[in-house]
Amino acid sequence: MPKRNDLEQKALHYVVGTGYQGVLQSDLWRELGASSREGSRVSIKLEEKGLIRREKELQEGRWTYRLYPKRLPASIETIVDCPCLLCPDNARCDPTTALSPKSCPKLTDWILNLGKEAPAIAEGPSADVLEPSMPEDDSVAESLDT
Ligand code: SF4
């Protein structure tokens, strides 16, 4: 049986790798060779540390959790359209001069439009999405997550 810290690291690495899609808790534990009880404890720990987000999800008539990373590593795709990369004023641009990123409209527009096409991962489900019959404590969801 892997140590819990090892399992936490592996689980976090796997969840981060799933990106915006996330992964069903049961699929993750199968992938890592852990029991569902062990896996539930680790996912709760990762959530408590603020590293992942868990959302209840109905799968084949049973409630389980889908795990999402709270943060994703930056990729080159996220800056490929930054206006500074091809800006003719790049060499002269400096925060201490009149030509500054602090007051650049092109950069401001780019920043304000960041993430408008990507789904939000920091948001949880709104209360009206949750049904009243959903389990409220982890022991219920845990027992269903086989
Ligand atoms: S902040 Fe504006 S002016 Fe400066 S390099 Fe970027 S796009 Fe060019």
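By convention here, each chain's residues receive numbers from 1 onward along its written sequence. Only residues with pLDDT of at least 70 get local features here, since the model is predicted, and only at 80 or more are side-chain atom pairs given and counted; chain-wide, interface and lining totals rely on the full set of residues. Each side-chain value is derived from all of the structure's non-hydrogen atoms; neither hydrogens nor water enter the calculation.

(A) Expanded view of the overall build of the protein. Note on conventions: DSSP H or I runs of at least 4 residues are helices, E runs of at least 2 residues are strands, and numbering of each starts at the N terminus. Check the secondary structure of the protein and you find five helices and three strands. Taken from N to C terminus, the helices and strands of the protein fall in the order α-β-α-α-β-β-α-α. Looking at the 146 residues of the protein, the share that counts as buried comes to 31%. Each accessible area is a Shrake-Rupley result for a 1.4 Å probe, and residues are judged covered by the shown protein chains and nothing else. For the protein, the computed accessible surface area is about 10000 Å², with 54% contributed by carbon and sulfur atoms. Relative accessibility decides the category of a residue: with a 1.4 Å probe and only protein chains considered, values under 20% of the type maximum give buried, values over 50% give exposed, and everything between is partly exposed.

(B) Region of the structure containing the site of the ligand. We call a residue near a molecule or strand as soon as one heavy atom of that residue lies within 4 Å of the molecule or strand. Around the ligand sit Pro83, Cys84, Cys87, Asn90, Cys93, Pro101, Cys104, Lys106 and Leu107, and those are all the residues in its vicinity. In this count, Pro and Cys sit with the nonpolar residues alongside Ala, Val, Leu, Ile, Met, Phe, Trp and Tyr, while Asp, Glu, Lys and Arg are called charged and the others, Gly among them, polar. Classifying every residue of the shell around the ligand by side-chain character gives seven nonpolar, one polar and one charged.

(C) Structural detail: helix H3 (residues 36–48). A rise of 1.5 Å per residue sets the reference length of H3, with its 13 residues, at 18 Å; its end C-alpha atoms lie 18 Å apart and thus fit the reference within 8%. For H3, every residue scored as buried is listed here: Glu38, Gly39, Ser40, Val42, Ser43, Ile44 and Leu46. Looking one or two residues past H3, Gly50 carries a phi angle of roughly 75 degrees, positive in sign. Helices are assigned an expected span. That span is 1.5 Å times one less than the residue count.

(D) Spotlight on the nonpolar core. To qualify as a nonpolar core, a set must consist of buried Ala, Val, Leu, Ile, Met, Phe, Trp, Tyr and Cys residues joined through side-chain atoms within 4.5 Å. Counting 13 residues, the largest nonpolar core has Leu28, Trp29 and Leu67 as its most contacted members. When residues of this core are traced back to their parent elements, those giving at least two are helix H1 (4–18), helix H2 (25–32), H3 and strand E3 (62–69). Tallying contributions element by element places H1 first for this core, with four residues. Note on definitions: a residue-residue contact is assigned when non-hydrogen atoms from the two residues lie within 4.5 Å. Setting aside residues up to four positions removed in sequence, Leu67 forms contacts with Val15, Thr18, Gly22, Val23, Gln25, Leu28, Trp29, Ser43, Ile52, Arg53 and Arg54.

(E) Spotlight on the pairing of E3. Burial analysis of E3 places seven of its eight residues in the buried class, which makes it a mostly covered element. For two strands to pair, DSSP has to find at least two bridges joining them. Taken together, the eight bridges between strand E2 (residues 52–59) and E3 define a ladder with antiparallel strand orientation. By the bridge assignment for E3, Arg53 is matched with Tyr68. Counting the residues that bridge the hairpin from E2 to E3 gives two residues, and of these Glu60 lies at a positive phi of roughly 50 degrees.

(F) A look at the sheet that holds E3. Read from one edge of the open sheet, three strands run E1-E3-E2, paired in antiparallel fashion. The open sheet terminates on both sides in strands that have one partner only, identified here as strand E1 (23–24) and E2. Of the pairings in the sheet, the one linking E1 to E3 comprises two bridges and is antiparallel in character. By the bridge assignment, Leu24 is partnered in E3 with Arg66. Of the strands in this sheet, E2 and E3 touch H3, which is tilted by about 135 degrees from E2. Every axis corresponds to a line fitted to the C-alpha atoms, with the helix fit spanning only the stretch in contact, and the corresponding angles, defined between N-to-C directions, vary from 0 to 180 degrees.

(G) Geometry of unusual backbone geometry. The residue Glu60 is not glycine, and still its phi comes out positive at about 50 degrees. Given the relative accessible area of 79%, Glu60 is considered exposed.

(H) Expanded view of the packing of aromatic side chains. Here is the rule: rings of Phe, Tyr and Trp (six-membered ring for Trp) pair when centre to centre is within 6.5 Å. Planes less than 30 degrees apart are stacked, more than 60 are edge-to-face, and the remainder are tilted. By the definition in use, this model includes zero aromatic pairs. Criterion for a charge above a ring: Lys NZ or Arg CZ within 6 Å of the ring centre, and within 35 degrees of the ring normal. In this structure, Arg54 is placed above the aromatic ring of Tyr65, and the distance from its NZ or CZ to the ring centre is 4.1 Å.

(I) Highlighting the confidence of the model for the protein. Each residue carries a pLDDT score, the predictor's confidence in it, ranging from 0 to 100. The predicted model of the protein has a mean per-residue pLDDT of 81, with 76% of residues at 70 or higher. Of all helices and strands in the protein, the one with the weakest mean pLDDT is helix H5 (residues 138–144) (45), whereas E1 scores best (95). Note on residues 122–144: pLDDT is under 50 here. Beyond four places in sequence and across chains, it has 24 contacts.

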